[in-house]
Amino acid sequence: MSTASPLPPSEQAKPDIDFNDPALVRHRKKRKLKDSLAAGTIGVGGISVIVAITLIFFYLLYEVAPLFRGADAHAITSYPVPEAQRGEVLYRAIEEQGEMGMQLMRNGEVVFFNTADGSVVDIQPLPLPDGAQITSHAVASMSSSIVMVGLSNGQALLFKHHYRITYPNDQRVITPQLQYPYGEEPLTLDAEGKALTAAAVVNSQEALMVIASNADLALMATKFTKETSFLTGETTLEAESVELPALSKAPEFLLAEPGMRFIYVGHRNGSVSVIDLRGAEGAELHSTTKIGGEKHRITAMRLLLGGASLLIAESNNRISQWFMVRDENNDYSLTKIREFQHEGGKIVALDVEHRRKGFAVVDDKGQLALFHPTSHITALNTQVTPSPLARVTLPPRSNYALIETQDGLLHWWKVENEHPEVSWTALWSKVWYEGYQEPDYIWQSSAANNEFEPKFSLSPLAFGTLKAAFYAMLVATPLAICGALYTAYFMSPRLRRKVKPSIELMEALPTVILGFLAGLFFAPFMENHLPGIFSFLVVAPLGILLFGFMWANLPERIRFLLPDGWAPILLIPVIIFMGWLAVTLSPWMEVSFFGGDMRHWLENELGIDFDQRNALVVGVAMGFAVIPTIFSITEDAIFSVPKHLTYGSLALGATPWQTMMRVILPTASPGIFSAVMIGMGRAVGETMIVLMATGNTPIMDINIFEGMRTLSANIAVEMPESEVGSTHYRILFLAAFVLFLFTFVVNTLAEWVRQRLRTKYSVI
């Protein structure tokens, strides 16, 4: 029986597949639609991220830009000096809102006028004794509004200009008043009845001190202790005479600092004498300092806000700032801190701001200039009028300026100078602040009083940010990378499936919990077991090496009982035992090697300051938070290296460690570098751990036993208490902007390095 021979391949029936079948066409359309939707969604998401980051950048820039906007001033109106026919104006002031001015006349009258047009509101005479004339005057402080007038009969009268605000018929009305907080009877300073040629007054809650001099160069002072009745609220003064040394030259300027410690006497010849009221034998002449050259004389002398700094204007158009600096022996000396050179005519007058450390000067060429000592800048220099100027008066808010010319005109100007405290020097360089022995980097945005000098140096905050990140990365990087290397390359796949998710789960632990545990448990534990902590860093690696050596020398029948890649399980009890041993022996080591107190030994023997919440605590706590990030990305990068590279290396005779170091690591280096950079970004931006686990002190000290304050922690702490739109508020945004730029630059650099590494090792 014959069988048919098979057909040749060319004649065999081919499968009839129709690729244009309606079902396949619909399938392709659906897949194309899904691909398009996925691509569009991913694209929109990526663009949205870029747009969001760009918007954040421009919003931060929007909040920061006003800090660097220069000052501006423009004229509003001009008018003659009110009641100029009544005589010479000795002193002028402006009320809080800048709507009403006050001027003290030589004839003993106080004139109140509208600053908008110069119209007189009221004229009130002072209760001067018959025949007495005003020969000098002084101001207690800008905030108190207390003025003292020295009289020709050796007496002094104190009064306060006050402004009562009422709303009759819903109309705001300002009513000026003269008040006499210490009575309308003048205080007698010179028992001989000689005219007081210079005067100064200091007013505090506990005491009042009035100082004056006469034509005979006698300097006299009386201190009044205040006693307030709880029933009536009346204040009585208990006088105490203070003997002062005689003067060798007639005083042109007489000032007293609010602490009632030093009296400054300025002379026309350019020297300033300092009298110490708390000398070894009572009040004594402390020092006499020559301010300028032999031919330069003092043209104006005022105390800055708070009374700690002395402003001195000289005839050579130089304004210098001086204050008492204490040396190591607790001795004070009048020290020049900084100086300004006025570019214009001869300085004729200056006035200080009421709520900031700035001041204004006017010259004989009609120019107005605004300065700020802390930032060491000339905020404004503008021409007011061609006529010579005589006086400038700033209101409490420093948003206006009332400028008097020598020909009897008042110019009312609007001043816009919102943030004079900010300059590159104030933000990033050392600044010599009031009360400090030398220039330093200081951050102190607020204090208990309103007269302090704000300190907005970002340097200690930036330093603290880098310090915290450095110690965190020092702890996290080797542990995370080495753990990822072993997990991805040597560990059993079954064990890897348990270890990797467990480590990644650590990232879900809230950082506030880590900070809480670090601050309240780990910091005091570390302080009490310092020798054990440092000994653990030594004995743990040695114990692991010793256990590894012992394990390698065990019989094979014992070692093979443990599956390949499960050896790390055996190290867990070893590490726990080493930790227990180090902590147990810690008290013994502290007694044997450190005299019973390692902290005391560090401070006294090595000169290393120790703070309980320090960088070591932050490094361990924040390193624990950063480890999962670096570990996960590094492990994925190593595990993703193509297997044929590993097999090829092993087939050529390389050991597993040689394969790891020469093949796996170079190939995975872009991913490892990215992991480190992302971990560093996490460390730089961390807030709660450094906020709770450090002393939160803004200092610049690399010492691992000292704390720090980071940019992010500072923003979290101070943003809720800052006034919206204030200098403090905008500098916090500047700190956020600096943090943003830092992470942007680091990430950009990291991406560039990653691409270079990828290009270099892509040929493997």
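Residues numbered from 1 in each chain as written. Predicted model: local features only at pLDDT ≥ 70, side-chain atom pairs only at ≥ 80, totals over all residues. Heavy atoms only, no water.

Draft legend 1. Quick peek at the confidence of the model for the chain. Of all residues in the chain, 96% attain a pLDDT of 70 or more, and the chain-wide mean is 89. Put simply, helix α7 (residues 556-559) is where the chain has its lowest mean pLDDT, 82, and strand β28 (residues 400-405) is where it has its highest, 96. (pLDDT = per-residue confidence, 0-100. Helix = DSSP H or I, 4+ residues; strand = E, 2+ residues; numbered from the N terminus.)

Draft legend 2. Looking closely at the sheet that holds strand β29 (residues 409-416). Taken in spatial order, the 4 strands of this open sheet run β1-β29-β28-β27, and their pairing is antiparallel. Sheet topology places β1 (72-80) and β27 (389-393) at the edges, where each strand pairs with a single neighbour. For this sheet, the mean inter-axis angle between neighbouring strands, taken without regard to orientation, is 25°. (Pairing = 2+ DSSP bridges. Axes fitted to C-alpha atoms, helices over the stretch in contact; angles between N-to-C directions.)

Draft legend 3. Structural context of the pairing of strand β9 (residues 173-179). Alternating positions in β9 separate cleanly, I174, P176 and L178 being buried on one face and V173, T175, Q177 and Q179 remaining unburied on the opposite face. The pairing of strand β8 (residues 155-166) with β9 spans 7 bridges and is classified as antiparallel. Note on β9: the bridge partner recorded for K160 is Q179. Between the end of β8 and the start of β9, which pair antiparallel, lie 6 residues, with N169 showing a positive phi angle near 55°. (Buried < 20%, exposed > 50% of the residue type's maximum accessible area, 1.4 Å probe, protein only.)

Draft legend 4. A look at the sheet that holds strand β21 (residues 318-326). The antiparallel open sheet is built from 4 strands, whose spatial order is β19-β20-β21-β22. Only two strands of the sheet have a single neighbouring strand rather than two, namely β19 (298-303) and β22 (332-341). The sheet shows a mean angle of 25° between the axes of neighbouring strands, taken without regard to direction. Where β21 and β22 come together, 9 bridges link them in antiparallel fashion. Bridge pairing links Q321 to R338 in β22.

Draft legend 5. Summary view of the packing of helix α11 (residues 643-651) against helix α12 (residues 656-685). Two elements in contact, α11 and α12, have axes separated by 10 Å at closest approach and are oriented at 145°. Considering how the two elements wind past one another, α11 and α12 form a crossing that is right-handed. Residues L645, T646, S649 and L650 of α11 form the contact with α12, whose participating residues are P656, T659, V663, I664 and T667. Counted by class, the contact of α11 with α12 contains 5 nonpolar, 4 polar and no charged residues. (Left-handed = near helix turned anticlockwise from the far one by under 90°. Contact = heavy atoms within 4.5 Å. Nonpolar A, V, L, I, M, F, W, Y, C, P; charged D, E, K, R; others polar.)

Draft legend 6. Up close: helix α8 (residues 568-594). The principal kink in α8, of about 45°, is found at S586, preceding the proline P587 by one to four residues. Turning to α8, its buried residues number three or more, namely V574, M578, G579, A582, S586, M589, E590 and F594. Of the residues flanking the end of α8, it is G595, one or two places downstream, whose phi is positive at about 65°. (Bend = angle between axes of the 7 residues up to and from the residue.)

Draft legend 7. Summary view of the pattern of salt bridges. Applying the stated rule across the entire model yields 28 salt bridges. Of the charged contacts, one joins R92 and E404 as a salt bridge, the two residues approaching to 2.8 Å between their closest N and O atoms. Highlighted residues: R92 in strand β2 (residues 89-94) and E404 in strand β28, separated in sequence by 312 residues. The pair R92 / E404 is uniform in exposure class, with both members buried. Two residues, K336 and E339, come together in a salt bridge whose shortest N-O distance is 2.9 Å. (Salt bridge = Lys/Arg side-chain N within 4 Å of Asp/Glu carboxyl O.)

Draft legend 8. Molecular detail of unusual backbone geometry. Unlike most non-glycine residues, S145 shows phi in positive territory, near 60°. Of note, S145 is situated in the loop between β6 (134-139) and β7 (146-151). Its identity is not glycine, yet M260 carries a phi of approximately 55°, on the positive side. Tracing the chain through its elements places M260 in the loop between β15 (253-256) and β16 (262-266).

Draft legend 9. Fine view of the nonpolar core. Counting 76 residues, the largest nonpolar core has L458, M622, I630 and I731 as its most contacted members. Residues within four places of M622 in sequence aside, it is in contact with A468, A469, A472, A683, E686, I689 and V690. With 21 residues, the next largest nonpolar core counts A132, I134, V149 and L178 among its residues. (Core = buried A, V, L, I, M, F, W, Y, C linked by side-chain atoms within 4.5 Å.)

Draft legend 10. Highlighting the packing of aromatic side chains. Tallied over the full model, the rule gives 26 aromatic pairs. Aromatic pair Y400 and W412: ring centres 4.6 Å apart, planes at 10°, arrangement stacked. Separated by 12 residues along the polypeptide, Y400 in strand β28 and W412 in strand β29 bring together distant segments of the chain. By relative accessible area, Y400 is classed as buried at 19%. Taken together, F57, F58, F737 and F740 form an aromatic cluster joined through their ring pairs. Here K414 stacks its cationic end above the ring of Y400, 4.6 Å away from the centre of that ring. Across the ring face of Y433, the terminal group of K455 is positioned such that the distance to the ring centre comes to 5.5 Å. (Phe/Tyr/Trp six-rings, centres within 6.5 Å; stacked < 30°, edge-to-face > 60°. Lys NZ or Arg CZ within 6 Å of the ring centre and 35° of its normal.)

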